[in-house]
Amino acid sequence: MKTSYREAVRAGLREALQADPRVFLMGEDVGCYGGAYAVSKGLLEEFGPERVRDTPLSESAFLGAGIGAALGGMRPIVEVMTVNFSLLALDQVVNNAATLRHMSGGQFSVPLVVRMATGAGRQLAAQHSHSLEGWYAHIPGIKVVAPATLEDARGMLLLALQESDPVFIFEHLMLYPGEGDLDSAVAIAPLHQAVIRRAGTDVTLITYGGSLGKTLEAAAILAKDGIDAEVVDLRSLRPLDTPTILDSVSKTHRAVIVDEGWRSGSLAAEISARIMEQRFYDLDAPVARVCSAEVPIPYPKHLEDAALPQTSRIVEVVRGLLPGAGGRAPAMAGAPTV
Amino acid sequence: MKTSYREAVRAGLREALQADPRVFLMGEDVGCYGGAYAVSKGLLEEFGPERVRDTPLSESAFLGAGIGAALGGMRPIVEVMTVNFSLLALDQVVNNAATLRHMSGGQFSVPLVVRMATGAGRQLAAQHSHSLEGWYAHIPGIKVVAPATLEDARGMLLLALQESDPVFIFEHLMLYPGEGDLDSAVAIAPLHQAVIRRAGTDVTLITYGGSLGKTLEAAAILAKDGIDAEVVDLRSLRPLDTPTILDSVSKTHRAVIVDEGWRSGSLAAEISARIMEQRFYDLDAPVARVCSAEVPIPYPKHLEDAALPQTSRIVEVVRGLLPGAGGRAPAMAGAPTV
Amino acid sequence: MTAATMPAPPALEPARGLELLRQMLLIRRFEEKSAELYSEGKIRGFLHLYIGEEAIAAGAMPALSAEDGIVATYREHGHALARGVPAQVIMAEMYGKATGCSRGRGGSMHLFDASRKFYGGYAIVGGGLPIAVGLALADQLQHRPGVTACFFGDGAVAEGEFHESLNLAALWKLPVVFLCENNRYAMGTALERHQSQTDIARKAEAYGIPSEAVDGMDVRAVEAATRRAVDAARRGEGPVLLEFRTYRFRAHSMYDAELYRTKEEVAQWKARDPITLFTAQLSESGLLPPEELARLERSVTEEIDQAVAFAEAGAWEPVGDLLRDVHTEAP
Amino acid sequence: MTAATMPAPPALEPARGLELLRQMLLIRRFEEKSAELYSEGKIRGFLHLYIGEEAIAAGAMPALSAEDGIVATYREHGHALARGVPAQVIMAEMYGKATGCSRGRGGSMHLFDASRKFYGGYAIVGGGLPIAVGLALADQLQHRPGVTACFFGDGAVAEGEFHESLNLAALWKLPVVFLCENNRYAMGTALERHQSQTDIARKAEAYGIPSEAVDGMDVRAVEAATRRAVDAARRGEGPVLLEFRTYRFRAHSMYDAELYRTKEEVAQWKARDPITLFTAQLSESGLLPPEELARLERSVTEEIDQAVAFAEAGAWEPVGDLLRDVHTEAP
Ligand SMILES: Cc1ncc(C[n+]2csc(CCOP(=O)(O)OP(=O)(O)O)c2C)c(N)n1
Ligand SMILES: Cc1ncc(C[n+]2csc(CCOP(=O)(O)OP(=O)(O)O)c2C)c(N)n1
Ligand SMILES: [Mg+2]
Ligand SMILES: [Mg+2]
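Residues numbered from 1 in each chain as written. Chains lettered and ligands numbered in written order. Predicted model: local features only at pLDDT ≥ 70, side-chain atom pairs only at ≥ 80, totals over all residues. Heavy atoms only, no water.

Visitor: Sorry if this is basic, but what is going on with the coordination of the magnesium ion (ligand 3) here?
Guide: In an ideal tetrahedron of four donors about a metal, each angle is 109.5 degrees. In an ideal octahedron of six donors, the angles are 90 or 180 degrees. Residue and element names in this part refer to chain C. Binding of the magnesium ion (ligand 3) to the protein goes through Asp154 (OD), Asn183 (OD1) and Tyr185 (O), at separations of 2.0 to 2.1 Å. Of note, the magnesium ion (ligand 3) draws all its donor residues from one chain, in the sequence arrangement D-x28-N-x1-Y. In this pair, Asp154 is assigned in the loop between strand 3 (148-153) and helix 6 (160-171) and Tyr185 in strand 5 (residues 185-186), connecting sequence segments 31 residues apart. Each member of the pair, Asp154 as well as Tyr185, carries the same accessibility label: buried. (Donors = N, O, S within 2.8 Å, 3.2 Å for Na, K, Ca; no water. Helix = DSSP H or I, 4+ residues; strand = E, 2+ residues; numbered from the N terminus. Buried < 20%, exposed > 50% of the residue type's maximum accessible area, 1.4 Å probe, protein only.)

Below, the structure is given as structure tokens:
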């Protein structure tokens, strides 16, 4: 029997609500409507309005209320419908959730979990297609994760609830309908560990969330040319599992980062900088990035597709790093300026 | 007669208000109070309450109103007291100011100028010490600048008002009292051009805003060891003047970026990634970063100092890149993992 | 003042009545066609229909003149049509064609028309209110007679930007009218589950401004109330808040199980369909000649068919222009 | 209900009166000493004094019990003192010492004391309100009797978070009391220049909750009104908004030219100094024995001198601990 990513998140929510009376879910339309992406469908009926709470359109107030409820001994799960709307609550995130433990000299913790949809691909245009998880990954005091598989969709939520500090979970909206076999028994990696989704020797492809599928597709295509790509699924965006990234790069001597964020100031830039700082002398070619074009995402399909990272682009960039398929790049090969 | 940075900004504001009837200034306490940092002192008396407008504490509404007024044919200058509070208005920035031209298919422009104080150094603690200009530099559709000198404090404001798109000006709060001779006659560089503040041959130090002074100090100290550093003042954070950065690195073969933002996901990471992509084969050592520690800025002086980039740290990092002062690093010198 | 205490609007001259009716019909049929085209995959993304609420856009727009500005939401096809934006460029926009009113960049949620001071559809709930305040400020500072009409839903009333915008507009006596389309739901959340004070008009008290609750199913009541509000704003008396009580007959957007409301409730409101009500009014007062309704339906259908043909025929923007209009090209 | 229509508070027993007086004196002298220490450079950053507003913290805190939570602003020394946070750990915090109530990390604007449910000073205006709503939600969900008291200024009322928080609290009938300290200025912006509705208590209407405007210079009126509000919230009747009308005698923060108000206005308000008023009240009713005031002053001075000595003696946190408490160490 197949499970969708949406159902996997729901399974995690249900388990969390069953396991701990302090856990409750709140957000816009998580109850009667069943969730904007139908993630929480049925939970209101199962757990009642005290624990599955519809909120008004007040992102700052209900995310802040999540912080307060966490201070008050609860284990809130706040759903912000999408990252686009989370900007309205960013003050609460940066100035309160992330600082309270430090400002109080360690007296208070904020065991809050915030989930939100991110990303583009459904032609929702310039106000509904942001991928701003990279911004969240910049904030000291919070943790940021992006589950890309069914197991992680369920399991990372449960792990997040074990943390004593705020954890932000980003669910790429294109992942929700994706189906597969969910094995709830299988143990998943720790919350902040990256996972190698495909082992390879020629180049390291580093990605997360909604771009993992495209990246694995690219790896499969590259394999046909004899290019053996290793694919690292970051899973955790803050903290980054730098050792796993660096070990892979030491092995392959080449890296491409695939990130749906706008290129300038993307999370991909941070990863490139870390590789630069710590594996410069192991590199046979400059680290490359495949990111979104620097444009508010346009509505029409052909323009949206052109703005986002695509499998074909990943393949093209990797080939640029490995002239003469499978072979090593000559030391002086020109750096692609993608 | 000496002029302070604060007075230089004021001079720019006054000239703008005199030159163009469409220009007006609005923000919290810009009028009766004279500005939180006394930048607009006297302007209310000179230009009256129509053109120097005190607003309620409503960051989202008055920044959004600035966008609307710009659509309506005015040339608003909105002062957000500090970047810390601008988070409350970030939805208007990302979803409206930056998108309107694109979403409308080019029918509308938003000639809005937004000024705000940024940075730490006055022991204002975890909610008043952010340096988030790097976030703004991630947003397609807006322009971001950070004047570091008296001439730029006045001149970049006037240049910003010539633009047809939103320009965000970040003024580091430690710069305001700084005094010097302001020559209003001197022509300044174009808005989006970086400027070499000190020419050198051994290493490129890339910085902006509040960190320029510390970086020039470091260069002076390094000069005593015979290390000749070139200092690039970015001035514009979006767009970045990549050619100026790359040309300097091609010459010096080494670069250190000094940026008061938190290290992970900093603007410094973007610059490092661009150098990696475009000058990898010219580098004699990995590009290094000197950024803020990943902690909500603590109140006590000794801890705040420890959290921020300091001259001594810059010197130390540069020395790490150039073992044997002045000399070239042996090809295999270890990469500093700062 | 509430709808109850309002003086009855002046007698209606025939032509105006038929215009209002045609406007509502045009919106209704346009939305029905859009739903069809969505199912066919011609229109994508989110699509929010205005069916049931036509009396508001149709009634409010005639109260605005060419110098006035309009700020709307993502549920704005009706507003664009009522403002006179040609059906064909709206349809082309929803197709994502370069011939669309936003050159295809915006889609259904982001209709713009500078020539008609239609300042756009805003899809961040509450996000349009500060923009409207700023447009009104620009009119005030330039001593122009313009008034800005800002449409938003009941859900938007919970957002901080509603509060900040009304305070700012009232404080500065700006010529802006806040037109709340209270259709009793914010997506699946009923009014009483998202507002502690469900009488939205009473919120005006917190800003010291006048307000009215108006029957949003009565196109003439909408027009009369909007005229009063716009005239006051134009006279420099500052902003007014109008609450139009209405109902959304269809799902929030195309996909929506409607688990959050009963069939009975929907049926009750459909019994007050603004088009049926006004049609009855007109014929009772002898202002609807026989065959007239059929004629109107035909002309509306023609207009929409032509719009679809125009959209179908429109060209796509070249992919090479992807980065166009991120910034204003230097003049 | 407004202050005018309120029943007079019950007669006062002597001990309580002297306690209230001592509390206000302690805050006044503590703030005066802080100003001195700021000039000496012992205290840095921003320093916002509570002088003139003492009756609010002193009057409100006795209405709260140990299970209740407090959320305050950056102008919160008085609230911390009145809640029973020892003067010495507050002073040490303002010195930035490891012995401070926030281990020196927060300074004047960020006082915290978990043991007294003092949930902190928040320095983003309006930022504390959603936190208070969440604390109240936690009490409600855990069926605890606690009520959360949320202090904020008149300027905060303009922020969207005020609006969103009151609506949410009212909608869910949460046990939270919103205590607005209306000192008529947001920094240099006078009330009538930042609020279109200057009668803040009337804003409660927009949320369907009860409110009162209270004389913030009368410590007993403050205490009585706060008790009524807290009791109602504890009974499960939902939130209450109280507007305390008061005045800030000093500058907004240490540096402030006070160009925005006249000497006369300041003088008029100083004539209603809450400490002078209450001292007079007590002696008139024969509740202030001769010498008692002098004795109180001496004990307050001792307490503060001791606090300063404690702060001076405190150790600095080692620089090596810079990154401590960014995250909760794994248990
Ligand atoms: C800030 C924000 N939060 C959430 C959403 C998702 N959303 C889109 S429409 C909507 C309901 C808005 O209801 P209302 O304001 O009553 O307008 P209506 O759709 O009923 O016309 C929601 C929650 C959004 N677009 N923006
Ligand atoms: C969101 C935000 N905007 C601006 C500021 C700067 N600021 C600090 S206090 C203050 C005035 C607040 O006035 P009020 O709420 O009346 O409190 P009071 O200082 O009078 O006690 C301002 C504008 C801030 N800290 N936070
Ligand atoms: Mg609605
Ligand atoms: Mg005040």
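Picking up after the structure, the text goes on.
Visitor: How should the site of ligand 2 be read in this particular structure?
Guide: With respect to spatial proximity, 22 residues lie near ligand 2, and among them Glu59 of chain B together with Tyr74, Ala123, Asp154 and Gly155 of chain D are the closest. More than one chain approaches ligand 2, the contributing ones being chains B and D. Contacts to ligand 2 include Glu28 of chain B, whose side-chain N or O atom sits 3.5 Å from a nitrogen atom. A distance of 2.8 Å separates an oxygen atom of ligand 2 from a polar atom in the side chain of Asp154 of chain D. Look at ligand 2: alone it shows 580 Å² of surface, and the protein chains cover 96% of it. Counted by class, the shell around ligand 2 contains 12 nonpolar, five polar and five charged residues. (Near = heavy atom within 4 Å. Polar contact = N/O pair within 3.5 Å; in protein donor to acceptor, adjacent residues only side chain to side chain. Areas by Shrake-Rupley, 256 points an atom, 1.4 Å probe, with all protein chains shown as cover. Nonpolar A, V, L, I, M, F, W, Y, C, P; charged D, E, K, R; others polar.)

Visitor: Teacher, can you tell me more about the site of ligand 1 here?
Guide: Glu59 of chain A together with Tyr74, Ala123, Asp154 and Gly155 of chain C are the nearest of the 22 residues found near ligand 1. Nearby residues place ligand 1 at the junction of chains A and C. In the model, an oxygen atom of ligand 1 is placed 2.8 Å from a nitrogen or oxygen of the Gly155 of chain C main chain. Here ligand 1, which alone exposes 580 Å², has 96% of that area covered by the protein. Class assignment for the residues of the shell around ligand 1 results in 12 nonpolar, five polar and five charged.

Visitor: Where do I start with the relation of the copies chain B and chain A in this structure?
Guide: The two chain copies are related to each other by a rotation about an axis together with a translation along it. Laying chain B over chain A is done by rotating through 180 degrees and shifting 0.0 Å along the axis; what remains is an RMSD of 0.0 Å. What we have between these two chains is a two-fold relation. Both copies present the same face, since 100% of the interface residues in chain B are matched by interface residues at the equivalent positions in chain A. (Least-squares fit on C-alpha atoms with pLDDT ≥ 70 in both. Contact = heavy atoms within 4.5 Å.)

Visitor: I would appreciate a short explanation of the side chain of Thr118 of chain A in the present structure.
Guide: Residues and elements named next belong to chain A. Locating Thr118 in the fold gives a position in strand 5 (residues 113-118). With a relative accessible area of 4%, Thr118 lands in the buried category. Reaching out from Thr118, the side chain makes a polar contact with the backbone oxygen of His130 at a distance of 3.4 Å. Those residues in contact with Thr118 that lie beyond four places of it in its chain are Val83, His130, Ser131, Leu132, Glu133, Phe170, Glu171, His172 and Leu173.

Visitor: Mind showing me how you'd approach the interface of chain C and chain A here?
Guide: Reports of interface size often rely on the accessible area that becomes lost once the parts have come together. Between chain C and chain A, the contact holds 40 residues from the first and 32 residues from the second. Of the roughly 3,000 Å² buried between chain C and chain A, counting both surfaces, carbon and sulfur atoms make up 65%. When the buried area of chain C at its contact with chain A is split by residue, Ile124, Met187 and Leu322 of chain C rank highest and sum to 19% of it. Inspection of the chain C/chain A interface yields one salt bridge. Close ionic contact of Asp54 of chain A with Arg193 of chain C constitutes a salt bridge, the shortest N to O distance being 2.7 Å. Counting across the interface, chain C meets chain A through 11 residue pairs in polar contact (both at pLDDT 80 or more). Of all the elements in the fold, those that place two or more residues in the side of chain C that touches chain A are helix 4 (87-95) and helix 7 (191-194) of chain C. Per-element accounting of the side of chain C that touches chain A gives the leading share, three residues, to helix 4 of chain C. Counted by class, the side of chain C that touches chain A contains 21 nonpolar, 11 polar and eight charged residues. (Buried area = accessible area lost by both parts, 1.4 Å probe. Salt bridge = Lys/Arg side-chain N within 4 Å of Asp/Glu carboxyl O.)

Visitor: Explain the confidence of the model for chain A to me, please; I cannot follow it from the model alone.
Guide: Interpretation of this model should avoid reading the predicted coordinates in detail wherever pLDDT is low. Of all residues in chain A, 96% have pLDDT values of 70 or greater, and the mean over the chain is 95. Between residues 326-338 of chain A, whose pLDDT stays under 50, and residues either more than four places distant or in other chains, the model counts 32 contacts. (pLDDT = per-residue confidence, 0-100.)

Visitor: Before we go on, may I ask you to explain helix 9 (residues 212-224) of chain A in this structure?
Guide: Because each turn of an α-helix spans 3.6 residues, side chains separated by three or four positions end up pointing in the same direction. Residue and element names in this part refer to chain A. The end-to-end C-alpha separation of helix 9 is 19 Å, in line with the 18 Å expected for 13 residues at 1.5 Å each. Listed in full, the buried residues belonging to helix 9 are Leu212, Lys214, Thr215, Ala218, Ala219 and Leu222. The buried residues of helix 9 occupy one face: seen down the axis, they fall within an arc of 160 degrees. In this structure, the buried residues of helix 9 make contact with strand 9 (195-198), strand 10 (203-207), strand 11 (229-233), strand 13 (255-262) and helix 13 (311-321). (Expected span 1.5 Å × (residues − 1). Arc of directions from axis to C-beta.)

Visitor: Just checking my understanding: could you explain the packing of aromatic side chains for this structure?
Guide: We describe a pair of aromatic rings using the distance from one ring centre to the other and the angle between the two ring planes. Counted according to the given criterion, the structure contains 32 aromatic pairs over all chains. A centroid spacing of 5.2 Å and a plane angle of 20 degrees characterise the contact between Tyr37 of chain A and Tyr176 of chain A, whose relative ring orientation is stacked. Here the residue Tyr37 of chain A occupies a position in the loop between strand 2 (23-27) and helix 2 (43-47), and Tyr176 of chain A occupies one in the loop between strand 7 (167-172) and strand 8 (179-180), the gap between them amounting to 139 residues. Centre to centre, the rings of Phe152 of chain C and Phe178 of chain C are 6.5 Å apart; their planes meet at 65 degrees, and the pair counts as edge-to-face. Here the residue Phe152 of chain C occupies a position in strand 3, and Phe178 of chain C occupies one in strand 4 (residues 176-182), the gap between them amounting to 26 residues. With a relative accessible area of 1%, Phe152 of chain C lands in the buried category. (Phe/Tyr/Trp six-rings, centres within 6.5 Å; stacked < 30°, edge-to-face > 60°.)

Visitor: I tried to follow the pattern of salt bridges on my own but got confused; where do I start?
Guide: Charged atoms that come close allow side chains of opposite charge to pair. Following the criterion strictly, the structure yields 104 salt bridges over all chains and no others. When the shortest N-O distance is used, the salt bridge between Arg29 of chain D and Glu297 of chain D registers 2.6 Å. With Arg29 of chain D in helix 1 (residues 14-39) and Glu297 of chain D in helix 11 (residues 292-313), the pair connects residues that are 268 residues apart, well separated along the chain. For Arg29 of chain D, a relative accessible area of 25% corresponds to the partly exposed category. The exposure class of Glu297 of chain D is partly exposed, given its relative accessible area of 21%. Sharing partners across several salt bridges, the network here consists of Arg101 of chain A together with Arg103, Arg105, Glu317, Asp321, Arg324 and Asp325 of chain D.

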